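Close look at the chain arrangement
The residues making up each chain are set out below.
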Amino acid sequence: MDFPVFHLDGMGNRWLIALIAILHVLINHGLAVGMMPLVAAMEWYGEKKKDPRWDNLAFQILFVCFLITTTVGALTGVGIWLSVSLVNPYSIGSLIRVFFWAWFTEWLVFITEVCLILAYTLTWKKWSERGGIWKKRHIRLGFALAFFSWVTMAIIVAILGFMMDPGNWLTDHSFWTGVLNPLYLPQLAFRTPLAAAMAGIIAMFLILFFTAKRDAFRNAALRAVGAWTLAFAPFVVVAGWWYYTSVPAAMQGNLGVALATMEFEDWQTKFLQIALFTAVTILVVVQFAISRPHLLPKAALLVPFVAILWMTGHFERVREFIRKPYVIGQYMYANGLRVDDYALLQRDGILKYATYSNPLTGAEKVGLPENLTEAQRSNLLHRIQKGKDVFMDTCSRCHTGQGVNSISGILQKMFGDQEWSTDLTAGTFEFMHYTRPFMPPFPGTKDELVLLGEYLAQLQRSKAVIPGAQSVGITVNPVSAARLAETKRQIKGDAQ
Amino acid sequence: MNPIPVPRDIPLPMPAPEPILVAVLVIFFLMHIVFVNFMVGGALLTLYYQLRGLKERRYDHLAYEIASTITANKSLAVVLGVGPLLAINTLYTVYFYTANALTGAFWISIVPLVITAFVLTYIHKYLWHQMERAKAFHIALAGIICLLFLFIPLIFLTNINLMLFPDKWASVQGFFSALMLPNVFSRYAHFILACPAMTGLFMVWLFRRKDEAEIDGTGFGRAELMRKGYQWALWPTMAQFIVGPIAMLTLPKTEVALHSVWAVFGVAILVSLGMAHLMFAETRRDAAEIGRSFVPICALMLVVVSLMGVGRHLYREAAVTPHRELIRAKTQDYMGKAEEAKREADAAAAARRKK
């Protein structure tokens, strides 16, 4: 890899992205895309019925959304970028080169969205007091906000869809072929009603806080928002089915391997079960809220909410299935190496082209075999150092040393307490992409496989945590330094 | 000395001609940083006036007026930062990502730190009147917000500074060692001083447009409030005449000569002198006259800020250009080799299939 390797050995690099992204999707779908049209509709309804209670409730719900979306929502959005650029700079760097204008447009829409939510929230009281045309304008502002929230999602979904299946982009390399990939519409169609239903459930939960138990308005509000939620439920099912049936076709391009298919079938079955469970809980709880609103405990609404979260989470996981072993379908593997790099790296070795080395720490050197002469020890450490670089450059984007999805855990499961000799490990890694089709093939030479094996044998002895460049820094490979001098001479020569 | 690393770039073409990306970077960054100035300066001034409000009640009202503006300004600061982030990712991919990785733990902590600062800012503003009885706690909250707002820019600055100096990459071990690189603290001081100065101008704008009833609510006269704004703008700007040149002179030497950078900053200093003169004149004016030079002052500030942005970009280019040539050569060389190896492998695979 050609960037210093940021690495989290405990939670794992992917979890850093996942945590931030899950939080963001949750807020974006539940509190922005789905909620803004609901709030605007409530305000409109209150104005139509000349009932200030609706207005009041709509404002209270909006204020909660405002507080959360402009803090956690906005920052987790930026956080996805920051975390991906740390964990897999190659993939995000490539995506930005392709999708710059999509992101740029999304950003302009995002600015509009932020200005609108500020205006919508901060002018609510003033414009409502003025009444008449001002109130109508305010309601229109709400629907404009709802529209722009949806547009930001519509743009981002194109990029997500692209990562799963770049479609014709691989041959065409144009922006629009990337955007109009085959999974775009089904995904957007699924997320839209999902967001609306999610917002409905959250709004019902908030209504229980903002209205009194015996208040007749609570019943009316729960009924109306319940109807909203139920209205979107069938669309979730229909669009979910569309998406679900589009996935295998998209997947065939990547994998046709039985094992992956089996795993995918497991995913599908589970998705169906969770979707069914979610649909039933929504139906039951919403029906209950409509028919017996005064008996509805707050906790009851948590059930469909958690079910929707579970379904969304499981739904998001499909991207991994379709995508793996790639991070950008058929263009770049999950380790950040391009498919087209493989021939070179497997011929000459990855270390030859690695600019950086990841220095071994004291803890990582613990437990070296005894009875070695100083020369043998130094030679072994040199090889372990190289093995560590192979690990960091080819494995560490998905695997930790000791934490989540750790290589130690996997090897322990495979080989137990016996010594993880290079015969065992290198032999396994050479062919692992056949037995584990979600993994990229090993990109280096056979010698590098052995070096990797020696490092892992040392990892078994040291049980050390692997630090990232963010704490121990990097060293520059001497090969690279020599080549630098040569390149400098060349550039000077060209200039003359 | 550590060898200078020359990594490869991402082998995909730029999505737009370079000048367009540079324009996006420079223009939107300046818009972003102005709102960051309002946000950080607003937090500092709020704390200051809240403390003065302990003795004289009307300062507390003034603090509230300023605090009320932070929440909108902070939202604009964040959202306007995304565009330049996108452009810097594209234009300086290797430099920016490398600096990010080397200070990774602090870099990613920007997310929770900013969230915390924003949530506290909301609590501080929206529970202002409820917290009247717990004034010490309320002020402590403002203090924490200020500390967070003062620390977060330091992370950005450290990163942006580190990115310019590939010769330092191998010697950095985490955020704190990157923090100690030359020029970080002088640039930081330059930025921090700009916060009250910009917020001072913002105060003038704010109190110029408020209606009489709102002005009366603060317990100050309009001219008094505007004068305070001008004073905030003036004195930190005066200090910039010392700090600015220090930040400029401590810039690490580059292979390329920096004449254009010096020229741009030189003009900026001259324009600033004119602006400071007008600010000073405004602080001396009476109620009938004050505010007369507001528009010219803002126009000059726009010129100064734009020159700063241009100078900053010219220096960045001077710092990385020779190294970027090396990267370009290395990437080309690598891509040539990769293509050749792929052809070789494809031919070998085709030959095997024939057999």
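Treat the numbers as computed from the prediction; the structure is a model and nothing was measured. (Residues numbered from 1 in each chain as written. Chains lettered and ligands numbered in written order. Predicted model: local features only at pLDDT ≥ 70, side-chain atom pairs only at ≥ 80, totals over all residues. Heavy atoms only, no water.)

**Describing the interface of chain A and chain B**
Inclusion rule: Contacts: residue pairs with any heavy atoms within 4.5 Å of one another. The term buried area refers to how much accessible surface (probe radius 1.4 Å) is lost by two components on association, counted for both of them together. Here, a salt bridge means any Lys or Arg side-chain nitrogen found within 4 Å of an Asp or Glu carboxyl oxygen. What qualifies as a polar contact is a pair of N or O atoms within 3.5 Å, subject to a donor-acceptor requirement within protein and to the restriction that residues adjacent in sequence count only when both atoms come from side chains. Put simply, DSSP marks the helices as runs of H or I at least four residues long and the strands as runs of E at least two long, and each gets a number from the N terminus on. Side-chain classes follow a simple rule in which Ala, Val, Leu, Ile, Met, Phe, Trp, Tyr, Cys and Pro form the nonpolar group, Asp, Glu, Lys and Arg form the charged group, and the remainder, Gly included, forms the polar group.
In this complex, chain A contributes 66 residues to the contact, which on the side of chain B involves 71 residues. Taken over both partners, the interface formed by chain A and chain B buries close to 6,200 Å², and the fraction arising from carbon and sulfur atoms is 74%. It is Leu75(A), Arg97(A) and Trp107(A) in chain A that bury the most area against chain B; as a group they hold 13% of the surface buried on that side. Where chain A touches chain B, the interface holds four salt bridges. Between the two partners, chain A and chain B, sit 14 residue pairs in polar contact (both at pLDDT 80 or more). Broken down by secondary-structure element, the contributors of at least two residues to the side of chain A that touches chain B are helix H1 (13-33), helix H3 (52-87), helix H4 (89-122), helix H13 (342-348), helix H18 (469-472) and helix H19 (478-495) of chain A. Sort the elements by how many residues they give to the side of chain A that touches chain B and H4(A) lands first, with 19 residues. Class assignment for the residues of the side of chain A that touches chain B results in 44 nonpolar, 14 polar and eight charged.

**Some details on helix H8 (residues 184-209) of chain B**
Put simply, the rule reads: Under the convention used throughout, the expected extent of a helix is 1.5 Å for every residue step, that is, one less than its residue count. In this scheme, a residue with accessible area under 20% of its type's maximum is buried, one over 50% is exposed, and one in between is partly exposed, where area comes from a 1.4 Å probe on protein chains only.
With 26 residues, H8(B) should reach 38 Å at 1.5 Å per residue; the first-to-last C-alpha distance of 38 Å fits that figure. The buried fraction of H8(B) is high, at 19 of 26 residues.

**Description of the nonpolar core**
Looking at soluble globular proteins, one finds that nonpolar side chains tend to be buried together. Going by this rule: Only buried residues count toward a nonpolar core, which is a set of Ala, Val, Leu, Ile, Met, Phe, Trp, Tyr and Cys residues joined through side-chain atoms within 4.5 Å. Domain start and stop positions are those given by an automatic or database domain assignment.
The biggest cluster of nonpolar side chains holds 230 residues, and the ones touching the most others in it are Met35(A), Ile61(A), Trp103(A), Trp107(A), Leu62(B) and Met163(B). By residue number, the principal contributor to this core is H4(A), which donates 19 residues. Mapping this core onto the domain boundaries places at least three of its residues in each of domain 1 (13-333) and domain 2 (345-495) of chain A. Excluding residues within four positions of it along the chain, Met35(A) makes contact with His29(A), Gly30(A), Ile61(A), Cys65(A), Ala199(A), Ile202(A) and Ala203(A). Tyr333(A), Leu368(A), Val390(A) and Phe442(A) belong to the second-largest nonpolar core, a separate cluster that totals 40 residues.

**Section: the side chain of Glu282(B)**
Among the secondary structure elements, Glu282(B) is positioned in helix H11 (residues 259-284). By relative accessible area, which is 0% here, Glu282(B) ends up buried.

**Observations regarding the layout of surface pockets**
Our working definition: Think of a 1 Å grid over just the protein atoms. A cavity is a set of points where a 1.4 Å probe fits yet cannot get out, a pocket is an open set with protein on both sides within 12 Å along at least five of seven lines, and lining residues have an atom within 4 Å of a point. Grid points are joined across faces, edges and corners, and a volume is the space filled by probe spheres set on the points.
Volume-wise, the second largest pocket comes out at about 1,100 Å³. Forming the boundary of the second largest pocket are 30 residues, of which Leu122(A), Lys126(A), Ser68(B), Lys125(B) and Lys210(B) lie nearest the centre. It is helix H2 (residues 57-91) of chain B that contributes the most residues to the lining of the second largest pocket, six residues altogether. For the lining of the second largest pocket, the residue count by class is 16 nonpolar, six polar and eight charged.

All quantities given are derived from atomic positions and should not be read as evidence of function.
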